[in-house]
Amino acid sequence: MTLLLLQCSIVSMATLSSSPSAPAITQNPDIRYLGRLLGDVIRAYGGDSLYRQTEYIRSASVDRARGIQGADLVDTGLDALSLDDTLNFTRGFMLFSMLANLAEDRQGVAADPGADVASAIARLDSHGIDRDAVLGLLAHSLIVPVLTAHPTEVRRKSMIDHKNRIADLMLLKDAGREETADGENLDEAIFRQIALLWQTRPLRREKLFVADEIDNVLTYFRDIFLPVLPALYTRWERVLGARPQSFLRVGSWIGGDRDGNPFVQAPQLEFALKRGAQAALAYYLDALHALGAELSLSTELAHVPQAVLDIADASGDASPSRQDEPYRRAISGIYARLVATYVALTGDQPPRPSSLKGQAYASPADFRRDLVTVAQGLASEGNGALATGGALGRLIRAVETFGFHLATLDMRQNSDVHQRVVAELLKVAGVEPDYAALDEYARIALLRRELANNRPLGSRFSDYSEETASELAIVHAAAEAHRIYGPACITHYIISKAESVSDLLEVNILLKEAGLWRAGVEGSPPQASIMSIPLFETIADLEAAPQIMSAYFGLPEIAGVVKQRGHQEVMIGYSDSNKDGGYITSTWSLFKASKALEPVFAEASAAMQLFHGRGGAVGRGGGSAFAAIQAQPRGTVQGRIRITEQGEMIAAKFGSRDVAMTNLEAMTSATLLASLEPEGISDKDAARFAGAMDELSQNAFNAYRDLVYGTEGFKEFFRQLTPIQEIAGLKIGSRPASRTKSDRIEDLRAIPWVFSWAQARVMLPGWYGVGHAIAAFEDKALLADMAQSWSFLKSAMGNLEMVLAKSDLGIAARYLPLVEDQAMAERLFGRIREGWALTHDGLMAATGQSRLLEKNPTLETSIRLRLPYIEPLNLLQVELLKRHRAGEDDPRIKEGIELSINAIATALRNSG
Ligand code: PGA
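What counts, and where the lines are drawn
Residues numbered from 1 in each chain as written. Predicted model: local features only at pLDDT ≥ 70, side-chain atom pairs only at ≥ 80, totals over all residues. Heavy atoms only, no water. Helix = DSSP H or I, 4+ residues; strand = E, 2+ residues; numbered from the N terminus. Rg over C-alpha atoms; globule rule 2.2 N^0.38 Å. Buried < 20%, exposed > 50% of the residue type's maximum accessible area, 1.4 Å probe, protein only. Contact = heavy atoms within 4.5 Å. Near = heavy atom within 4 Å. Polar contact = N/O pair within 3.5 Å; in protein donor to acceptor, adjacent residues only side chain to side chain. Areas by Shrake-Rupley, 256 points an atom, 1.4 Å probe, with all protein chains shown as cover. Phe/Tyr/Trp six-rings, centres within 6.5 Å; stacked < 30°, edge-to-face > 60°. Lys NZ or Arg CZ within 6 Å of the ring centre and 35° of its normal. Domains from an automatic or database assignment. UniProt positions renumbered as here; feature names shortened; annotations may be inferred. 1 Å grid on protein atoms, 1.4 Å probe; cavity = no way out; pocket = protein on both sides within 12 Å on 5 of 7 lines; lining within 4 Å. Pairing = 2+ DSSP bridges. Right-handed = clockwise from strand over helix to strand, strands pointing away.

1. Remarks on the overall build of the protein chain
Working step 1: Along the protein chain, the regular secondary structure elements total 37 helices and 11 strands.
Working step 2: Computed over the C-alpha atoms, the radius of gyration of the protein chain is 29 Å, within 12% of the 29 Å expected from 2.2 N^0.38 for a compact globule of 912 residues.
Working step 3: In the protein chain, buried positions account for 57% of the 912 residues.
Working step 4: Across the protein chain, every contact between residues at least 6 apart in sequence was considered, and the portion connecting residues at least 24 apart equals 82%.

If you want it as structure tokens, here you go:
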């Protein structure tokens, strides 16, 4: 067989033909094209022998996936690869996956059909909900993707940039072009980009710093969000027939999230905000520059209203050539004022200074007012199209959306830290010697007394621990940022592991230290410039959430603050609740908590804003955001939602303008539907379904907890079976891999937990326990009904199915020799295998399918095409792990492990 296969190019082998149990795989021509070029690059730069070896292994793997007898990978020559070839081979497969991802993105494989605002409006219309209702909702909506630096992006930025350039070149190819704008042959240009990818080191050698993370994310703001959001509004205004307020914003945690990251302190917060302001203002300056060129209307040919002439005259622009061009002079004046603003806010000069002198704007609203005056001037003289549809309209939208601060930066810290800091402040101030020893009632009473006056606890004449000093410094930095950039730059303070009212009050105490909480005077409510937000992230805390919020709202001073603000946010954590209770229990607990919070908010007359802390992998709440938002309980969205966007999902969802538009459309349309579309099931069904879910959830919880937390030796089994220890060495984030030195699963962060199970292809957090629950559930007809008619379960089952299809216990079994106690390994793996079979069979029965993804051929094609490329990587990873753990110290072994982690994560796409 080999001769024929060896002569084939790598691309022809990107094809999988049908196996007895699967339908034919539709070829993606881009995968074939890019794969062929990759094969050519490997041959040209890695040599013929590497190409042949790579091709041989790949073909054998494809054969194995097709079920061709005798194609056992052990015989494919993988074990004959030298260490150098192993590294090269792994890189080759990683690049193939990267190019396959690119090809799929181009085909919109990941996009949900009908996930756009126009379709949502049509769908609502079919329910009798008209545009006015949509506009009414949007009038008080807030939709925010919040970018975080969670360490799950394994690819270097340089690699992503090369990939994006290939995507751009492919667009030229789509347009039928044979040459680039610079006259290069297009195929050769793409080949060159792939050759660059091949010769670019995929692993980061140096540690990543917070400043790198800040700069990385800024590229998405500059290239994507700043231009894309205004463009989306232009489209939506057309669809809506009206101009909605700017309800879509982008948030960030980078430089403000210090939960378990000691490297985020006051200077990082200051740096993040300064860089953000520079990026926003530089963008506006460029936009003004372009507008100045565009608005060449002459007073000889167009009538110009007085308001515009006033701005033009105040500009000091005396250039003779522009004397009859008041719009240009007005823009020059605005430009000069914005340059002064840039200098005032950031202390630096902008890239392109102004020859005029201007006074800095006091606020984005002032800047916007000038722009609106110009726009109204144009509109009043019949140039409405120039005013709203064009660059000026987009600039006004950008200013409304990004202000002078670019993105609202959230602060986050762990409740344990707040407790220690407040305890120290109280002790040093002589108020309470042992705060930690007080019970919850006593704590609340004490904290309320402190919140009722403006006397700070901290004194600059006292000495504090490093932790307290750092926490105080950051709230002072936040207060200073409010003074510089305006209060919109920081509005949210998230409390990780929140479990009580005192956890919320402690943050208000810290804010008070910097004047960000001011006690009410003479019956007026207190002023809270930053909102304290609990993050509920264990199953027990989610259950307690309604009660905690009700007690919090019950405090008169809090009721006053909330009433004044009109809304309150609660964050719910997908990953940690999943690690705590397993997939279905976590999903159900999040749903129930949201639903139970609704009446609590109604009682407090506060709009509820849920902030969903989810990652890319199913075990961390991943999966289609469009389906997930729509599956939220009715009454809990109401136009307001924030969702984290993390790690590899940032490049996947916002890597290019088109893809970003698709994903922001999906998020917005799902929010409209979740807010306005009537509940798809009757109250009676909802009650029946909830009863069934309680039972399923309880049984799944028991099975999951029993295995993960109740089985002797499970911790060791997990630590030895998966590459968890090696993952900690990857340089993919600034924060340490764990919060504490403890190796208990309870203390492990959710990311490495999910990530390592994905590498070994078990993906346990995404499914374990579900099968036990379904098996024990007697009313199978009810379950099938729920899976078919209830968006909540449909979405959960869809994710479960994806994760099962990506898992492979045959491959996972190859990791078993890594576990020292083989008897234990067999025993525990037997339980996992049994759980997988139960989950698989239960899912098939509930969804009426005979094989996974039967009803989702696009995803099936995508996954089936990938699998043969992942298997050899897994086998190599096992071999390298064995050698590494046996003490071999050749640095190429460690590098090979890290490369394989990188390659598998790239191929699985949403693994972290
Ligand atoms: P955290 O995030 O550990 O930062 O809370 C968990 C996750 O996103 O998986």
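2. Examining the site of the ligand
Working step 1: As a structural note, the neighbourhood of the ligand is formed by His150, Arg412, Ser575, Asp576, Arg620, Gln646, Arg735, Arg739, Arg749, Ala750 and Ile751.
Working step 2: The separation between an oxygen atom of the ligand and a polar side-chain atom of Arg749 is 3.0 Å.
Working step 3: Coverage of the ligand by the protein chains reaches 95% of its 280 Å² of free accessible surface.
Working step 4: When residues of the shell around the ligand are traced back to their parent elements, those giving at least two are α22 (574-581) and α30 (750-759).

3. Some remarks on the packing of aromatic side chains
Working step 1: Applying the stated criterion across every chain, the model contains 29 aromatic pairs.
Working step 2: Judged by centre distance (5.0 Å) and plane angle (90°), the rings of Phe553 and Phe601 are edge-to-face. Pair noted here: Phe553 is in helix α20 (residues 539-554) and Phe601 is in helix α23 (residues 583-603), with a separation of 48 residues, a long-range link.
Working step 3: Three or more aromatic residues link up through ring pairs in this structure, and these residues are Trp588, Phe591, Phe689, Trp790 and Phe792.
Working step 4: The ring of Phe209 is capped by Lys207, whose NZ or CZ atom sits 5.9 Å from the centre of that ring.
Working step 5: We note Arg443 situated over the ring of Tyr435; from NZ or CZ to the ring centre the distance is 5.0 Å.

4. Let's talk about the domain arrangement of the protein chain
Working step 1: Each domain of the protein chain was delimited in the assignment, giving domain 1 (410-534) and domain 2 (683-908).
Working step 2: Taking the mean C-alpha position of each, domain 1 and domain 2 sit 40 Å from one another.

5. Regarding the UniProt feature "active site" (unreviewed entry) in the protein chain
Working step 1: The sites that UniProt annotates as "active site" (unreviewed entry) are His150 and Lys579. Considering only the residues just annotated, the second largest pocket is lined by Lys579.
Working step 2: On the secondary structure map, His150 appears in the loop between β1 (142-148) and α7 (157-174).
Working step 3: Look past the residues within four positions of His150 in its chain and what remains in contact with it is Trp253, Asp257, Arg412, Arg620, Gln646, Gly647, Arg735 and Ile751.
Working step 4: Of note is the side chain of His150, whose polar atom sits 2.6 Å from the side chain of Thr148.
Working step 5: On the secondary structure map, Lys579 appears in helix α22.
Working step 6: Assessed through its relative accessible area of 3%, Lys579 is described here as buried.

6. Some points on the pairing of strand β11 (residues 640-646)
Working step 1: The buried count for β11 comes to seven of seven residues, which makes it a mostly enclosed element.
Working step 2: Of the two faces of β11, the one lined by Arg640, Arg642, Thr644 and Gln646 and the one lined by Ile641, Ile643 and Glu645 are each fully buried.
Working step 3: By the bridge criterion, seven bridges tie β1 to β11 in an arrangement that is parallel. Along β11, the bridge assignment pairs Leu142 with Arg640.
Working step 4: Note: strand β10 (residues 607-613) against β11, three bridges, orientation parallel. Bridging from a neighbouring strand, Phe611 pairs with Arg642 of β11.
Working step 5: Between the parallel pair β10 and β11, the chain is carried across by helix α24 (residues 625-630), and the sense of this crossover is right-handed.

7. What to know about unusual backbone geometry
Working step 1: Positive phi, normally seen in glycine, also occurs at Arg761, with a value near 65°.
Working step 2: Counting through the fold element by element, Arg761 comes out in the loop between α30 and α31 (770-776).
Working step 3: A positive phi angle is found at Met763, which is not glycine, with a value near 50°.
Working step 4: Among the structural elements, Met763 can be located in the loop between α30 and α31.
Working step 5: For Met763, a relative accessible area of 8% translates into the label buried.

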